[in-house]
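Overview (structure and organization)
Listed here are the chains, written in short residue letters.
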Amino acid sequence: MTDLHFCNFCDQSVPIAKLDSGDAIRHGGRVICPTCCDTLSMATRSEGGGKSSSGMIFPLVLGLIACGGVIYLYLQQDKMRSDSAMNLNNSVIELAGSISDQEKRSNTNQEALTEELDGQKAIVQGGFSDLLTSVAGLDQAITALRTQVEGLEGLADGQTSLKQETRALRTQMQVTEDSVREVRKGLEFLRDGFADLERKMVVATAAPPKESGFNSEVQKLLTDLKADDPLTRVAAIEELGKHQDPALIPYVEPMLQDTYEMNRFYAAYTLGEWQAMASVPALIEALDDDFAFVADAVNEALISIAKEEMGFDSKGSAADRAKAITRWQGWWKKNAPKETP
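This one's a predicted model, so the numbers in the text were calculated from it and none came from an experiment. (Residues numbered from 1 in each chain as written. Predicted model: local features only at pLDDT ≥ 70, side-chain atom pairs only at ≥ 80, totals over all residues. Heavy atoms only, no water.)

Description of the confidence of the model for the chain
The condition that has to hold: How sure the predictor is of each residue is captured by pLDDT, a score from 0 to 100. Every residue pair with non-hydrogen atoms within 4.5 Å of one another is taken to be in contact.
Model confidence for the chain is summarised by a mean pLDDT of 77, while 73% of its residues fall at 70 or above. This stretch, residues 206-212, has a pLDDT under 50; its non-local contacts, to residues over four places away or in other chains, come to eight contacts.

Some thoughts on the nonpolar core
Soluble globular proteins tend to pack their nonpolar side chains together in the buried interior. Note the cut-off: To define a nonpolar core, start from buried Ala, Val, Leu, Ile, Met, Phe, Trp, Tyr and Cys residues and group those joined through side-chain atoms within 4.5 Å. Residue exposure (1.4 Å probe, protein chains only): buried if accessible area is under 20% of the type maximum, exposed if over 50%, otherwise partly exposed. Per the convention used, a helix needs a DSSP run of H or I reaching at least four residues, while a strand needs a run of E reaching at least two, with both numbered from the N terminus.
Among the nonpolar cores identified, the biggest contains 43 residues, and L283 and W328 are the most heavily contacted of them. Secondary structure elements with two or more residues in this core: α5 (216-224), α6 (230-240), α7 (249-252), α8 (261-273), α9 (280-286), α10 (292-306) and α11 (318-335). With nine residues, α10 is the largest single contributor of residues to this core. If you look at the next biggest cluster of nonpolar residues, it comprises nine residues, including C7, V31, C33 and C37.

Section: the packing of α8 against α10
A pair of packed helices is captured by two measures, namely the crossing angle of their axes and the spacing between those axes. Put simply, the rule is: Fitting a line to C-alpha atoms yields each axis, with helices limited to the stretch in contact; the angle taken between N-to-C directions then spans 0 to 180 degrees. Should an angle fall under 35 degrees it is taken as roughly parallel, and over 145 as roughly antiparallel, whereas 65 to 115 is taken as roughly perpendicular and any remaining angle as oblique. Here the nonpolar group is Ala, Val, Leu, Ile, Met, Phe, Trp, Tyr, Cys and Pro; Asp, Glu, Lys and Arg are the charged ones; every other residue, Gly included, is treated as polar.
At their nearest, the axes of α8 and α10 sit 8 Å apart, and the two run at 10 degrees to each other. Classed by the angle they form, the pair α8 and α10 counts as roughly parallel. Contacts between α8 and α10 involve E261, M262, R264, F265, A268, L271 and G272 from the first element and F293, V294, A297, V298, A301, S304 and I305 from the second. The residue inventory of the contact of α8 with α10, partitioned by class, reads ten nonpolar, two polar and two charged.

Considerations on α5
Where we set the bar: This arc is built from the directions going out from the helix axis to the C-beta atoms. In protein, a polar contact means a hydrogen-donor-capable atom and an acceptor-capable atom, both N or O and within 3.5 Å, with residues adjacent in sequence counting only if both atoms are side-chain atoms; elsewhere, any N or O pair within 3.5 Å suffices.
Regarding α5, the residues found buried are V218, L221, L222 and D224. For α5, the arc enclosing every buried residue in end-on projection is 160 degrees, short of the 170-degree limit, so these residues lie on one face. The exposed set on the far side of α5, more than 90 degrees from its buried face, consists of S216 and T223. For α5, the N-terminal capping position is held by N215, with its side-chain oxygen 3.2 Å away from the main-chain nitrogen of E217.

Topic: the packing of aromatic side chains
Let me state the cut-off plainly: Note on aromatic contacts: the rings of Phe and Tyr and the six-membered ring of Trp form a pair at centre separations within 6.5 Å, being stacked when their planes are under 30 degrees apart, edge-to-face when over 60 apart, and tilted otherwise.
Tallied over the entire structure, the rule returns five aromatic pairs. Note on F265 and F293: the rings are 5.7 Å apart at their centroids and 45 degrees apart in plane angle, and the pair reads as tilted. Here the residue F265 occupies a position in helix α8, and F293 occupies one in helix α10, the gap between them amounting to 28 residues. Plain terms: the ring middles of F291 and F293 are 6.0 Å apart, the flat faces sit at 70 degrees to each other, and that makes the pair edge-to-face. Residue F293 is classed as partly exposed on the basis of its relative accessible area of 35%.

Topic: the state of the cysteines
Keep this limit in mind: Counting rule for disulfides: a pair of cysteine sulfur atoms within 2.5 Å.
Enumeration over the complete set of coordinates arrives at zero disulfides. The thiol sulfur of C10 is not disulfide-bonded, and the nearest other cysteine sulfur, from C33, lies at 3.4 Å. Here C10 falls in the partly exposed class, since its relative accessible area comes to 32%. No disulfide involves C36; its sulfur sits 3.5 Å from that of C33, the nearest cysteine. Note on C36: relative accessible area 13%, which makes it buried.

What about the side chain of S314?
Along the polypeptide, S314 turns up in the loop between α10 and α11. A polar atom in the side chain of S314 sits 2.7 Å from the side chain of D296. In contact with S314, not counting residues within four places along its chain, are A292, A295, D296 and R321.

Quick word on α11
Counted only if it meets this: Here the expected span of a helix is defined as 1.5 Å times the quantity of residues minus one.
With 18 residues, α11 should cover 26 Å at 1.5 Å per step; its first-to-last C-alpha distance of 26 Å lies within 8% of that length. Those residues of α11 hidden inside the fold are in contact with α9 and α10.

Some remarks on a negative patch on the surface
Applicable threshold: The residues that make up patches have over 30% relative accessible area and no salt bridge, and they are joined within 9 Å when like-charged or within 5 Å when they are Val, Leu, Ile, Met, Phe, Trp or Tyr. Computed with the Shrake-Rupley method and a 1.4 Å probe, the accessible areas treat only the protein chains shown as cover for residues. We define a salt bridge as a contact between a side-chain nitrogen of Lys or Arg and a carboxyl oxygen of Asp or Glu at a distance within 4 Å. A residue counts as positive if it is Lys or Arg and as negative if it is Asp or Glu; His and the chain ends are not included. In plain terms, the charge of a residue is placed at NZ if it is Lys, CZ if Arg, CG if Asp and CD if Glu.
A contiguous patch of negative charge, built from D296, E300, E309, D313 and D320, is present on the exposed surface. Turning to its location among the elements, E300 is positioned in helix α10.

Comments concerning unusual backbone geometry
At D11, a position not held by glycine, the phi torsion is positive, near 65 degrees. Looking at the secondary structure, you find D11 in the loop between β1 (4-6) and β2 (13-15). Here the phi dihedral of K307 falls at roughly 60 degrees; this positive angle occurs in a residue that is not glycine. Tracing the chain through its elements places K307 in the loop between α10 and α11. Given the relative accessible area of 60%, K307 is considered exposed.

Description of the side chain of E261
Tracing the chain through its elements places E261 in helix α8. Not counting residues up to four positions away in its chain, the partners in contact with E261 are F291, F293 and V294.

Comments concerning the environment of Y260
Among the secondary structure elements, Y260 is positioned in the loop between α7 and α8. For the pair Y260 and R233, spaced 27 residues apart in the sequence, the C-alpha separation amounts to 9.0 Å. If near-sequence neighbours (up to four positions away) are discounted, Y260 is found in contact with P230, L231, R233 and V234.

Put into structure tokens, the structure is as follows:
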């Protein structure tokens, strides 16, 4: 590669070949291009031997100016080199400071990392020790369990016999449960039969409708109350509730013992709406109904009539319900209408 230099006057590039051929001049660190060399030569060279001394003044002055320019450029270049050296020195100092700060931060980070690694190492070592302790305890537990299993091996025959006896007992219990279930069904059938028979007896012994007391519509409803179809009885008592006549109470009250729970519900609701004080004993007896919604309707009817609350809860225990019924019975003893002699 050809080296390049720059002229100190015009700052043009000067190839090394120009210096080797003598077209350009290099003196120390200063270089003058061929163009500037020609200019200086023309300024200092004499045009001919016959010229007067006054004719040489102008070239001499021009040469001095050129030399002054060379000196000025050299001084400027030297100042630029000095400034560059100073800037470089400042940069080196700043770089050294940055390197020192970086080393300090690196040392601090290294110390923190070392401390953290030591802490993690301690945690891992502690966990490993705990794991070893747990493994030792587990080994002891396995040994103890193995000993117990060996002791239970002799009970295998006894367990087989016990399983057979348990299976036979379960079979017998199943047969017993089936028998109890059949007996319960029979009892429920008998209970429903007795309830229906009791209802029919109550209806049969009730006072017959007065010939002039009820119109044909009411008489038809009273006849439907004796129907075998429970839905017919439901429709009759529901419609009968619209006729708020105290004379109908003896016909509605027996429906508290009806075999169909909806009829018992409508009977309690109707008696409550009619404020049937004479039906309070029958209502108290109906509080023990098997259906919670019927018992609630009976209790609401008693509250409507008595204007008092006895704390009856259909979903409470049997003992609590019995206590509430006893309180209602005590209330009736105190508030029952006195019979006229």
